[in-house]
Amino acid sequence: MQVIKRKKEINSIVKKLRKDGKKIGLVPTMGFLHEGHISLIEKSKKQCDITVISIFVNPVQFGPDEDFARYPRDFERDRMLAAEKGVDIIFYPEPSEMYAENHLSYVKVEKMEKVMCGKFRPGHFRGVCTVVLKLFNIISPDKAFFGMKDFQQLAILKKMVSDLDIDVQVVECETIREPDGLALSSRNVYLKPEERKNANVLYRAINIAENEIKKGNSITASKNKAVKMLKDCAFVKKIDYFDIRDPEDLKTVKKPDSKKPKILIASAIWFGKTRLIDNKVIEV
Ligand code: AMP
């Protein structure tokens, strides 16, 4: 396994691999790898000849009051895990390698970046789209693997790829969960033991909304029942949103529509000082 820190170097390595007929899979990450990331790596290894992962805590997607400085990092552990899982190349650039001092260009997917997490994290998806497009340009992967855990990110990136005619196939990967239902996330290390014990309330609330909708109850009543469950949990300090939306364009769904049987239930809450997100796409 190679660890490459320079854009030019990885670009010439992948160019040569592609010339030799190899299919390249890219798994973009911010590191502190867990089973969620590993599932993306495994999928890439099944579908591609070469698996590249990027490990880059992207400063541009963090707001000024967010956790960029304290975001968990452990490159040595990540390096060992990646090698064990058969990753071929880790791209591990410094922020200064990715962003020149005079960097001025950003990518925005309008409308979709303003709702849900975008409403509470202004500029977040502009940062995500910009870094992912840069990674696509540097590495030119045939396929790129993203988790449904970050559903809005996935929907926005798919739209960016389609709108801007980017020659890459986006592969969606299922959310990996702890046995109690909590979605794996690098940020789960922030949770105190008592918080961790109760953190699956988010997944339970999403499941309640799903059951209510499937029973034929209205979207509003179903959402209210789920929100009540969250409000009744003493560890939930704030609910940023609990939304029922179209999984493609992220527009609000007011009533289930037989022509559009898929519905996204998505939420973000503050659990103590930790922001948790989760979602489920259901079929009605
Ligand atoms: P991150 O390092 O948090 O930016 O995540 C890197 C990639 O891993 C993204 O495509 C995430 O959606 C994906 N990912 C994170 N957590 C999970 C999970 N629990 N299950 C599946 N994929 C995940």
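A quick note: this is a predicted structure, and the numbers were derived from the prediction, not measured.

K.L.:
Help me out: how do you make sense of unusual backbone geometry in this one?
P.N.:
Residues other than glycine predominantly adopt negative phi, and peptide bonds predominantly adopt the trans conformation. One non-glycine residue with positive phi stands out, namely serine 140, at about 40°. Here serine 140 lies in the loop between helix H6 (124–139) and strand E5 (143–147). Residues other than glycine seldom take positive phi values, yet leucine 250 does so here, at roughly 65°. Note on placement: leucine 250 falls in the loop between strand E7 (236–245) and strand E8 (262–271). For leucine 250, a relative accessible area of 1% translates into the label buried.

K.L.:
Help me understand the packing of helix H9 (residues 201–214) against helix H10 (residues 219–231), please; the structure alone is not making it clear to me.
P.N.:
Geometrically, a packed helix pair is captured by the angle between its two axes and the distance between the axes. Running from N to C, H9 and H10 point in directions that differ by 155°, and their axes come no closer than 8 Å. Taken together, H9 and H10 sit at an angle that is classed as roughly antiparallel. Relative to H10, the crossing made by H9 is right-handed. From H9, Val201, Leu202, Arg204, Ala205, Ile208, Ala209, Glu212 and Ile213 reach across to H10, where they touch Ile219, Ser222, Lys225, Ala226, Met229 and Leu230. The residue inventory of the contact of H9 with H10, partitioned by class, reads 10 nonpolar, 1 polar and 3 charged.

K.L.:
Can you help me understand the layout of surface pockets in this one?
P.N.:
Over the atoms rolls a probe the size of a water molecule, and its path tells where empty space is left. Counted as a void, the second largest pocket has a volume near 410 Å³. Around the second largest pocket, the lining comprises 18 residues; the ones closest to its centre are Met148, Phe151, Pro247, Lys262 and Val281. Counted by class, the lining of the second largest pocket contains 6 nonpolar, 2 polar and 10 charged residues. Formed jointly, the lining of the second largest pocket draws a minimum of three residues from each of two domains, domain 1 (2–173) and domain 2 (186–278).

K.L.:
What exactly am I supposed to notice about the packing of aromatic side chains here?
P.N.:
The geometry of an aromatic ring pair comes down to the distance between the two centres and the angle between the two planes. Tallied over the full model, the rule gives 6 aromatic pairs. An angle of 35° between the planes, with centres 6.3 Å apart, marks the rings of phenylalanine 56 and tyrosine 99 as tilted. Note that phenylalanine 56 is positioned in the loop between strand E3 (50–55) and helix H3 (75–84) and tyrosine 99 in the loop between helix H4 (95–98) and helix H5 (117–120), a separation of 43 residues in sequence. Here phenylalanine 56 and tyrosine 99 have matching classes, each one buried. Ring geometry for phenylalanine 75 against tyrosine 92: centres 3.8 Å apart, planes inclined by 10°, an arrangement best described as stacked. Pair noted here: phenylalanine 75 is in helix H3 and tyrosine 92 is in the loop between strand E4 (89–91) and H4, with a separation of 17 residues, a long-range link. Taken together, the aromatic side chains of Phe62, Phe68 and Tyr71 make up a single cluster linked through ring pairs. It is arginine 70 that lies over the ring of tyrosine 190; its NZ or CZ is 4.0 Å from the centre.

Rules and cut-offs
Residues numbered from 1 in each chain as written. Predicted model: local features only at pLDDT ≥ 70, side-chain atom pairs only at ≥ 80, totals over all residues. Heavy atoms only, no water. Helix = DSSP H or I, 4+ residues; strand = E, 2+ residues; numbered from the N terminus. Buried < 20%, exposed > 50% of the residue type's maximum accessible area, 1.4 Å probe, protein only. Axes fitted to C-alpha atoms, helices over the stretch in contact; angles between N-to-C directions. Parallel < 35°, antiparallel > 145°, perpendicular 65-115°, else oblique. Left-handed = near helix turned anticlockwise from the far one by under 90°. Contact = heavy atoms within 4.5 Å. Nonpolar A, V, L, I, M, F, W, Y, C, P; charged D, E, K, R; others polar. 1 Å grid on protein atoms, 1.4 Å probe; cavity = no way out; pocket = protein on both sides within 12 Å on 5 of 7 lines; lining within 4 Å. Points joined across faces, edges and corners; volume = space filled by probe spheres on them. Domains from an automatic or database assignment. Phe/Tyr/Trp six-rings, centres within 6.5 Å; stacked < 30°, edge-to-face > 60°. Lys NZ or Arg CZ within 6 Å of the ring centre and 35° of its normal.

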